[in-house]
Amino acid sequence: MRLTVRNTRESDIQGIIDLCLAVYPDTPPWGEAQIRSHLAVFPEGQFVALDEDSGEVVAMAASLIVWWDDYEADMNWRDFTEHGMFTNHDPDKGRTLYGAEVMVHPGRQGCGIGKALYQARRELVERLGLLRIRAGARLRGYHAHAATLTPEQYTRQVVAGLVPDPTLSFQLKQGFIVLKVVHEYLRHDPESLGYAALIEWINPAVAGAEDYAARDRFALR
Ligand SMILES: CC(C)(COP(=O)(O)OP(=O)(O)OC[C@H]1O[C@@H](n2cnc3c(N)ncnc32)[C@H](O)[C@@H]1OP(=O)(O)O)[C@@H](O)C(=O)NCCC(=O)NCCS
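These numbers were taken from a predicted model, which means no experiment stands behind them.

Moving on to the overall build of the chain. Secondary structure assignment for the chain yields seven helices and seven strands. Secondary structure elements of the chain occur, N-terminal to C-terminal, as β-α-α-β-β-α-β-α-β-α-α-β-β-α. For the chain, the C-alpha radius of gyration of 17 Å lies close to 17 Å, the compact-globule estimate for 221 residues. The principal-axis extents of the C-alpha atoms in the chain amount to approximately 45 × 40 × 30 Å. Looking at the chain as a whole, 49% of its 221 residues are labelled buried. Look at the contacts in the chain between residues 6 or more apart in sequence, and 69% of them connect residues 24 or more apart. Distance between charge centroids for the chain: 4 Å, based on 23 positive and 30 negative side chains.

What follows covers helix α2 (residues 32-41). Within α2 the residues assigned to the buried category are Gln34, Ile35, Ser37, His38 and Leu39. The secondary structure elements touched by the buried residues of α2 are α1 (13-23), β2 (46-51) and β3 (57-66).

So, how was this worked out
- Residues numbered from 1 in each chain as written.
- Predicted model: local features only at pLDDT ≥ 70, side-chain atom pairs only at ≥ 80, totals over all residues.
- Heavy atoms only, no water.
- Helix = DSSP H or I, 4+ residues; strand = E, 2+ residues; numbered from the N terminus.
- Rg over C-alpha atoms; globule rule 2.2 N^0.38 Å.
- Buried < 20%, exposed > 50% of the residue type's maximum accessible area, 1.4 Å probe, protein only.
- Contact = heavy atoms within 4.5 Å.
- Lys, Arg positive; Asp, Glu negative; His and termini not counted.
- Charge placed at Lys NZ, Arg CZ, Asp CG, Glu CD.

From the geometry alone we can't say anything about function, so treat these as descriptive.
The following block contains the structure:
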């Protein structure tokens, strides 16, 4: 497949909604008003991947910039995204790109498309001189281990490479580390049971020793 990764346009909105329904058939998709709001507040932070031959939207990634001091690390997805509208986007003070969504069509997963979207995100962070990317990685495989492992034990096993998780194992391959496990990050998620790993990638072009030290102090071990 020939693939293009570019910033999202209004003409992609229906394609994104169709993509959401293919990835999460039992969950309400991103709404048109939400996607329009993302494009209004931070067009550079919204990406799609297109199959060049069919024109189909096969993947998307949505982000905003936050000033981390406005938040607590264990806040949930709604807090970080202002209920999915991104109206809390703060490019004046913010140094953190917050990854609010990434998804690849089920028929196209495992072909390097998620990796290409993360490459686009890292390039954006470098271009804007931001300090880092943070996101909540839903622990999608946790439900299968909930009877025997706490979410923290499960996450440590995924980080150690002993157990694969469909989302976190992918994020770790993109150079992220886990800072902590957040409870009640996403409500009504039967796979993660609401648990997510707060993950971070630091931009080496702007980070100082104190940024790495802060990360190492918080990193889940
Ligand atoms: C998670 C997701 C975005 C990954 O995208 P993808 O296009 O399938 O991933 P890629 O093909 O780019 O994989 C990149 C790397 O991650 C690895 N990887 C991807 N999925 C993995 C998994 N389930 N387990 C282990 N490793 C995985 C790949 O092997 C690849 O490694 P490599 O660079 O050494 O070759 C995609 O599977 C998806 O959309 N899932 C459903 C929605 C979702 O959970 N989104 C995250 C919400 S927090």
